[in-house]
Amino acid sequence: MLRKYDFHVHTSRFSPCARSSPEEMCTRAIEMGLTGIALTEHDTWWPPQDLRELRKKFPGLTILDGVEISCLEGHFLVFVPDSAARFKIGIASILELRRLVDSHKGILIWAHPFYMSIVGCLFS
């Protein structure tokens, strides 16, 4: 069975760059045939109760919990296996973030891997 996920989703509830509400985003994901999404708001973990309520509204869509953390070196998506392992936002460097994510047996993904290269080309 083919499963399709979007692991980098922002909503207007917690990310100022987003225009769609969580409900609109979930509805659109289903319309697009996605199996699931990961809510990775900018420097904000979703409150567990809010996440549970959203999952109840969309039982056919897997909704993963994550966060997009801003560091000096860029933005990074973070996923930890246990919501109790969530940590405080405000990480200064990717090295510090990497150690923290590893200590919680989490996953770290560079959110915009080519952004710095593009910005460098535009301004050099």
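Above this text sits the structure in question.
Numbers given to residues run from 1 along each chain, matching the order in which its sequence is written. For a predicted model such as this one, the threshold for reporting local features is a pLDDT of at least 70, and the threshold for listing and counting side-chain atom pairs is 80 or more; totals across whole chains, interfaces and linings nevertheless cover every residue. Hydrogens and water are ignored here; the side-chain numbers use all heavy atoms of the structure.

Points about the pairing of strand β3 (residues 62–71)
Point 1. Counting buried positions along β3 gives seven out of 10 residues, so the element sits mostly inside the fold.
Point 2. Note that strand β2 (residues 36–42) and β3 share seven bridges and pair parallel. Looking at the pairing, E41 lines up with V67 of β3.
Point 3. The crossover handedness rule: strands pointing away from the viewer, path from first strand over the helix to second strand clockwise, crossover right-handed. Only runs of H or I of at least four residues qualify as helices and only runs of E of at least two qualify as strands under DSSP, and these elements are numbered from the N terminus. The parallel pair β2 and β3, bridged by helix α2 (residues 48–57), forms a crossover whose chirality is right-handed.
Point 4. Whether two strands pair comes down to DSSP finding at least two bridges between them. One ladder, built from five bridges, connects β3 with strand β4 (residues 74–79); its direction is antiparallel. Across the sheet, residue C71 finds its bridge partner in β4, namely G74.
Point 5. Counting the residues between successive antiparallel strands, the hairpin from β3 to β4 contains two residues. Each residue is placed in one exposure class: buried if its accessible area under a 1.4 Å probe, protein chains only, is under 20% of its type's maximum, exposed if it is over 50%, and partly exposed if it falls in between.

Focus: the sheet that holds strand β5 (residues 107–110)
Point 1. Within the open sheet, the five strands sit side by side as β1-β2-β3-β4-β5. Their pairing is mixed. Bordering the open sheet on either side are β1 (5–9) and β5, each of which pairs with just one other strand. Strand-to-strand twist in this sheet, taken as the mean axis angle between neighbours without regard to direction, amounts to 25°.
Point 2. In this sheet, β2 lies alongside β1 in parallel orientation, the contact comprising three bridges. Within β2, the residue paired with D6 across the bridge is I37.
Point 3. Residues are treated as being in contact if the distance between any of their heavy atoms lies within 4.5 Å. Every axis corresponds to a line fitted to the C-alpha atoms, with the helix fit spanning only the stretch in contact, and the corresponding angles, defined between N-to-C directions, vary from 0 to 180 degrees. Across the sheet, helix α3 (residues 94–103) is in contact with β3, β4 and β5; its angle to β5 comes to roughly 150°.

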